[in-house]
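Fold and geometry: a report
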Amino acid sequence: MHFSWPAWISSVIEIGSLSIGALLVVLAVEVLVQGQDNSWNVFRKSKGRRFEMLSWSIYLLRLNPLIWDLLLLGFLIRLKDWLQIHSLDMYVEKGLFAQISLLILGLLFYDFLQYWSHRLKHRSRFFWIFHRWHHSTTELHALAHMRVHTLDYPLRTLSVAFPTMFVMGVSFENVLWLWFAEEISQALCHSRINTDYGFFGKIFANPRSHRRHHDISDDQGNFGLVFSFWDRIFGTARDDSKSFAAQTGTYFENRNYEEQGALKMYFQEYRELGKWFLQKIISLTLIMRRAK
Ligand SMILES: [Zn+2]
Ligand SMILES: [Zn+2]
């Protein structure tokens, strides 16, 4: 009899092994180039390692994707069928060259949306609540790219993954490849290798450009996650020549996140979100009362 894992467990294995695979590739490169000063050694001794461990455990529970995939993806696919909208892959031949072109186009489109979604998270006080957890790391290393708050995923799914699938018609498998490309790029961008990739840095986001993005005194720039040219096109590229000396981290009530504990700060983001909604409701009621 053929044995297969229940869908939930196999998605945990699939996602987990893709992430770990990407990370191992980057760690191997780092050990070759950096020796002792590699991300694993820094992570083991870092003050904020519980932040990564907590993010990673919750991520592996797959709660968000489960909710979003079931509720939204099914609905959107049905809507698309009903409106008879064809994605780009309907017009592309089945050959290998055509499929690779579609995948590259998919990655460009995916990262373009990622750029704007990321920029929004930094520009809006509301969306910053979802993303500042990622910026709380005080020592950048390859594992720090996993420090993503649960609240951050729905926005990514809605503003990046779904539109990509809608327009490109990329299958689930192809989306996994796009995501794997992003994982490798992001693990490299947070790594300890002090490089801007030389000429390729004009095309790809790199450790120096992303460190500048994490700089506490940053005036908000270098939002690109796979490609670096979006920032040049849209005027958000920043000088990264000294970024390896940058100070990073997030502060709450004048205290560094990492000093206040991972669990406390994790729930703090939910509290902040609740407070935001409460403030909006109160001010809306006040406006309505005045209008009477
Ligand atoms: Zn950011
Ligand atoms: Zn980052």
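Just so you know, these numbers come straight off a predicted model, no measurement behind them.

1. Quick word on unusual backbone geometry
- The phi dihedral of Asn222 falls on the positive side, at around 50°, and the residue is not glycine.
- Mapped onto the fold, Asn222 is located in the loop between helix H9 (207-214) and helix H10 (229-233).
- Note on Asn222: 27 C-beta atoms within 10 Å, which makes it buried.
- For Asn254, which is not a glycine, the phi torsion comes out positive at approximately 65°.
- Relative to the helices and strands, Asn254 resides in the loop between strand E1 (251-252) and strand E2 (255-256).
- Looking at Asn254, the number of C-beta atoms within 10 Å reads 5, which means it is exposed.

2. Topic: the packing of helix H3 (residues 49-60) against helix H12 (residues 262-291)
- The contact between H3 and H12 brings their axes to 9 Å, and the two run at 55°. With respect to H12, the axis of H3 lies oblique. The interaxial crossing formed by H3 with H12 has right-handed handedness. Every residue of H12 that contacts H3 at Arg50, Phe51 and Leu54 is listed here: Ala262, Leu263 and Tyr266.
- Within the contact of H3 with H12, the residues separate by chemical class into 5 nonpolar, no polar and 1 charged.

3. So, the packing of helix H5 (residues 96-123) against helix H7 (residues 152-168)
- At a minimum axis separation of 9 Å, H5 and H7 run at an interaxial angle of 150°. As summarised for this structure, H5 and H7 are arranged roughly antiparallel, according to the angle between their axes. The handedness of the crossing between H5 and H7 comes out as right-handed. Within the contact between the two elements, H5 uses Leu102, Leu105, Gly106, Phe109, Tyr110, Leu113, Gln114 and Ser117 and H7 uses Leu155, Arg156, Ser159, Val160, Pro163, Thr164, Val167 and Met168.
- Residue classes in the contact of H5 with H7 are distributed as 10 nonpolar, 5 polar and 1 charged.

4. With respect to the confidence of the model for the protein
- Per-residue confidence for the protein averages 85 on the pLDDT scale, and 86% of its residues sit at or above 70.
- Of all secondary-structure elements in the protein, the lowest mean pLDDT belongs to helix H4 (residues 63-82), at 65, while H10 reaches the highest, 96.

5. A short note on the environment of Trp40
- Mapped onto the elements of the fold, Trp40 is located in helix H2 (residues 39-45).
- On the neighbour-count criterion, Trp40 (13 C-beta atoms within 10 Å) is partly exposed.
- Between the C-alpha atoms of Trp40 and His141, which are 101 residues apart in sequence, the distance is 7.8 Å.

Parameters at a glance
- Residues numbered from 1 in each chain as written.
- Chains lettered and ligands numbered in written order.
- Predicted model: local features only at pLDDT ≥ 70, side-chain atom pairs only at ≥ 80, totals over all residues.
- Helix = DSSP H or I, 4+ residues; strand = E, 2+ residues; numbered from the N terminus.
- Buried ≥ 20, exposed ≤ 12 C-beta atoms within 10 Å, placed from the backbone.
- Axes fitted to C-alpha atoms, helices over the stretch in contact; angles between N-to-C directions.
- Parallel < 35°, antiparallel > 145°, perpendicular 65-115°, else oblique.
- Left-handed = near helix turned anticlockwise from the far one by under 90°.
- Contact = placed C-beta atoms within 7 Å.
- Nonpolar A, V, L, I, M, F, W, Y, C, P; charged D, E, K, R; others polar.
- pLDDT = per-residue confidence, 0-100.

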